[in-house]
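# Coordinates in review
If you want the building blocks of each chain, they are given just below.
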Amino acid sequence: MQMGLDFNLVEELVAGVDEVGRGPLCGAVVTAAVILDPARPILGLNDSKKLTEARREKLFDEICEKALSFHIARAEVEEIDELNILHATMLAMQRAVEGLHITPKLALIDGNRCPKLKMPASPVVKGDSQVPAIAAASILAKVTRDREMSAFELIYPGYGIGGHKGYPTAVHLEALARLGPTPIHRRSFAPVRAAYEALAGGQPTLV
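For clarity, every value in this text was computed on a predicted model and none was experimentally measured.

## What about the nonpolar core?
By size, the foremost hydrophobic cluster in this structure holds 26 residues, and its most contacted members are Val34, Leu36, Leu45, Leu59, Ile63, Leu108 and Ile139. Every element with two or more residues in this core is listed here: strand S1 (14-20), strand S2 (29-35), helix H1 (53-66), strand S4 (106-110) and helix H4 (132-155). Not counting chain neighbours up to four residues away, the residues in contact with Val34 comprise Val14, Ala15, Gly16, Ile63, Ala67, Ser69, Phe70, Ala133, Ala136, Ala137 and Leu140. Among the nonpolar cores identified, the runner-up in size contains 14 residues, and Ala33, Ile35, Leu100 and Met119 belong to it.

Have a look at this one:
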């Protein structure tokens, strides 16, 4: 249940937690937890999706420099396929919070549910637009994952991964049908599963 918090009055040692990558067909789901320093404010924090890439990159460095503590974590493709994307996301969020070198008194989680944590936690729907620490976490997670997807573009050319970041765009779906899935594709997702089934029928070649 979401707590009735005044986000402008939340004291220090509150961690904001967010994820990036639940919807893509490939790659890890990446999460971050951030405890901001009230003495070192960061201007312009917002939902990472509402910021330009250049702005996110600049804020990424500033968050890493000024935050009291931050940790970036993940759940790999194999874990997503084994646990399902929801449970893998909760696991990655748990890892992000547990990786903080300062233990927060409260964790504010973007969304409508919380992972199992050792401290009190509250979900905040659209928290990345309301809570600066969650916005900071969303930026760290998105920049990290976007960088990984750009690197995968070089390893698995032809899929357009660097552009769509693994999301099921028309370009991605066409390439998946034509080239078959790669080792970083999530077998539990329907379009990827269909590509594997086509592969078993002797159509695409596994990259």
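## Quick notes on helix H6 (residues 170-179)
Burial in H6 covers these residues: His172, Ala175 and Leu176. Buried residues of H6, seen end-on, are gathered within an arc of 100° and therefore sit on one face of the element. In H6, the exposed positions angled more than 90 degrees off the buried face are occupied by Ala170 and Ala177. Structurally, H6 contributes buried residues whose contacts are with helix H5 (161-164) and helix H7 (190-200). Gly180, located one to two residues past H6, shows a positive phi value of around 85°.

## Some thoughts on the packing of aromatic side chains
One pass over the full model with this rule turns up one aromatic pair. Taking the centre distance of 6.1 Å and the plane angle of 35° together, the rings of Phe152 and Tyr156 count as tilted. Note that Arg147 overlies the ring of Phe60, its terminal NZ or CZ placed 4.5 Å from the centroid. One cation-aromatic arrangement involves Arg187 over Tyr196; the distance from NZ or CZ to the ring centre is 4.1 Å.

## Describing the UniProt feature "binding site: a divalent metal cation" (unreviewed entry) in the protein chain
Here the UniProt feature "binding site: a divalent metal cation" (unreviewed entry) sits at Asp18, Glu19 and Asp110. Taking the farthest pair of C-alpha atoms as the criterion, the annotated set spanning 93 residues converges on one region, since that pair is 7.9 Å apart. Looking at the secondary structure, you find Asp18 in strand S1. Beyond its immediate stretch of four places on either side in the chain, Asp18 contacts Val30, Thr31, Ala32, Met93, Asp110, Asp128, Ile134, Ala137, Ser138 and Ala141. The residue Asp110 is located in strand S4 in this model. For Asp110, a relative accessible area of 16% corresponds to the buried category. Filtering out sequence-adjacent residues up to four positions away, Asp110 remains in contact with Val17, Asp18, Met93, Val124, Lys126, Gly127, Asp128 and Ile134.

## Some details on the pattern of salt bridges
Taken as a whole and judged by the stated rule, the model has eleven salt bridges. With its nearest N and O atoms 2.6 Å apart, the salt bridge here joins Glu76 to Arg74. Here Arg74 falls in the partly exposed class, since its relative accessible area comes to 27%. Salt bridges here are not isolated pairs; linked through shared partners, they connect Asp47, Lys49 and Asp128.

Cut-offs used in this document
Within each chain, residue numbers correspond to sequence positions counted from 1 in written order. Only residues with pLDDT of at least 70 are given local features in this predicted model, and only at 80 or more are side-chain atom pairs given and counted; all residues enter the totals for whole chains, interfaces and linings. Derived side-chain values reflect all non-hydrogen atoms in the structure, with water molecules and hydrogen atoms excluded from consideration. Each nonpolar core is a collection of buried residues, namely Ala, Val, Leu, Ile, Met, Phe, Trp, Tyr and Cys, held together in the definition by side-chain atoms within 4.5 Å. Accessibility here uses a 1.4 Å probe with only protein chains present; expressed as a share of the type maximum, an area under 20% marks a residue as buried, one over 50% as exposed, and anything in between as partly exposed. Runs of E in the DSSP output that reach at least two residues are strands. Runs of H or I that reach at least four are helices, and both are numbered from the N terminus. Two residues form a contact once any of their heavy atoms are found within 4.5 Å. Here the arc refers to the set of directions running from the helix axis out to each C-beta atom. Each aromatic pair joins two rings of Phe, Tyr and Trp (for Trp, the six-membered one) with centres within 6.5 Å, and gets the label stacked for planes under 30 degrees apart, edge-to-face for over 60, and tilted for any other angle. The criterion is that NZ of a Lys, or CZ of an Arg, lies within 6 Å of the ring centre and within 35 degrees of the ring normal, and then a charge sits over that ring. UniProt positions are given in the numbering used here, feature names are shortened, and annotations may be inferred rather than shown by experiment. When a carboxyl oxygen of Asp or Glu is within 4 Å of a side-chain nitrogen of Lys or Arg, the pair counts as a salt bridge.

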